[in-house]
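Below, each chain spelled out in residue letters.
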Amino acid sequence: MQSTKLTPGDSIEARCTKCRKNTAHAILTLGEKEPLTVECGSCARQHKYRPPSSPKKPVARRNTNSKDAERKEWETLRPSMNGANAHEYSMTGTYKVKNLINHPIFGLGLVQRVVGAQKVEVLFEDGKKMMRCK
């Protein structure tokens, strides 16, 4: 709660609809509990008051330990893979678990799991990748 009463012309932090971030705004009109319209101090756009948005949580990234584990898994599985039996990768292809695929960039890969109707997780030498399929 704010301890002082707001008046038109006061500065308040709000989320700007044009800048798409929290900026200082000037209050133009007030409602009973909060400002109705504000003007952005950065772009001068007038719009409805939107409370400041909370910061987004950081996206969890895979740590290096999981990458190391994927590389070790690749090293143990690689001797049993015969590249001659690999299917050429195509986004319109269909794949099953344990299918070998040959990708033009990532090289030889082993399908680890089918994720939904149009994705497969493939283990390549440099780690697991989510690939599109039919």
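Participant: I would appreciate a short explanation of the overall build of the protein chain in the present structure.
Facilitator: When you go through the protein chain residue by residue, the secondary structure sums to one helix and nine strands. Put simply, the protein chain runs from its N terminus to its C terminus through helices and strands in the order β-β-β-β-α-β-β-β-β-β. Relative to a compact globule of 134 residues, whose C-alpha radius of gyration would be 14 Å, the protein chain shows 27 Å and is clearly more extended. By principal-axis analysis of the C-alpha atoms, the protein chain measures approximately 75 × 30 × 25 Å. For the protein chain, the proportion of its 134 residues judged to be buried stands at 26%. A fraction of 28% describes how many contacts in the protein chain between residues 6 or more apart in sequence connect residues 24 or more apart. When the accessible surface of the protein chain is split by element, carbon and sulfur atoms take 50% of a total near 9800 Å². Distance from the positive charge centre (25 side chains) to the negative charge centre (13 side chains) of the protein chain: 5 Å.

Participant: Where do I start with the sheet that holds strand 1 (residues 11–15) in this structure?
Facilitator: What links the strands of a sheet is backbone hydrogen bonding, and the strands pair in either a parallel or an antiparallel sense. Taken together, the four strands give an open sheet; going across it, the order is 1-2-3-4, and neighbouring strands pair in antiparallel fashion. The sheet terminates laterally at strand 1 and strand 4 (46–48), the two strands that pair on one side only. Here the strands of the sheet are splayed against their neighbours by 50° on average, with no regard to which way each runs.

Participant: Help me understand the sheet that holds strand 9 (residues 127–132), please; the structure alone is not making it clear to me.
Facilitator: Sheet architecture is open: five strands sit in the order 5-6-7-8-9, paired in mixed fashion. The sheet is open, and its two borders are formed by strand 5 (87–88) and strand 9, each paired with just one other strand. Direction of pairing for strand 6 (residues 100–103) relative to strand 7 (residues 107–115): antiparallel, over a ladder of four bridges. Residue pairing across strands places His 103 opposite Gly 107, the latter belonging to strand 7.

Participant: Looking at this model, I keep getting lost on the nonpolar core. Mind explaining?
Facilitator: Soluble globular proteins tend to pack their nonpolar side chains together in the buried interior. The biggest cluster of nonpolar side chains holds nine residues, and these are Tyr 89, Tyr 95, Ile 101, Val 111, Val 120, Val 122, Phe 124, Met 131 and Cys 133. With three residues, the top contributor of residues to this core is strand 8 (residues 119–124). Discounting residues that sit within four places of it in the chain, Cys 133 has contacts with Met 91, Gly 93, Tyr 95, Ala 117, Gln 118, Lys 119 and Val 120.

Participant: Can you walk me through the packing of aromatic side chains in this structure?
Facilitator: What describes a pair of aromatic rings is the distance from one ring centre to the other and the angle between the planes of the rings. The full count for this structure, using the stated rule, is two aromatic pairs. Seen from their ring centres, Tyr 89 and Tyr 95 are 6.1 Å apart, and the 15° between their planes marks the pair as stacked. As far as burial versus exposure is concerned, Tyr 89 and Tyr 95 are alike and both buried. The interplanar angle of 45° and the centroid separation of 5.2 Å between the aromatic rings of Phe 106 and Phe 124 together place this pair among those described as tilted. Within this pair, whereas Phe 106 is found in the loop between strand 6 and strand 7, its partner Phe 124 is found in strand 8, the two being separated by 18 residues in sequence. By relative accessible area, Phe 106 is classed as partly exposed at 29%.

Participant: Just to check I follow, could you spell out the environment of Ala 26 for this structure?
Facilitator: Within the secondary structure, Ala 26 is located in strand 2 (residues 22–30). Each C-alpha atom, one on Ala 26 and one on Val 38, is 5.5 Å from the other, the two residues being twelve residues apart in sequence. If sequence neighbours within four positions are ignored, Ala 26 has contacts with Asp 10, Thr 37, Val 38 and Glu 39.

Procedures and definitions
- Residues numbered from 1 in each chain as written.
- Predicted model: local features only at pLDDT ≥ 70, side-chain atom pairs only at ≥ 80, totals over all residues.
- Heavy atoms only, no water.
- Helix = DSSP H or I, 4+ residues; strand = E, 2+ residues; numbered from the N terminus.
- Rg over C-alpha atoms; globule rule 2.2 N^0.38 Å.
- Buried < 20%, exposed > 50% of the residue type's maximum accessible area, 1.4 Å probe, protein only.
- Contact = heavy atoms within 4.5 Å.
- Areas by Shrake-Rupley, 256 points an atom, 1.4 Å probe, with all protein chains shown as cover.
- Lys, Arg positive; Asp, Glu negative; His and termini not counted.
- Charge placed at Lys NZ, Arg CZ, Asp CG, Glu CD.
- Pairing = 2+ DSSP bridges.
- Axes fitted to C-alpha atoms, helices over the stretch in contact; angles between N-to-C directions.
- Core = buried A, V, L, I, M, F, W, Y, C linked by side-chain atoms within 4.5 Å.
- Phe/Tyr/Trp six-rings, centres within 6.5 Å; stacked < 30°, edge-to-face > 60°.

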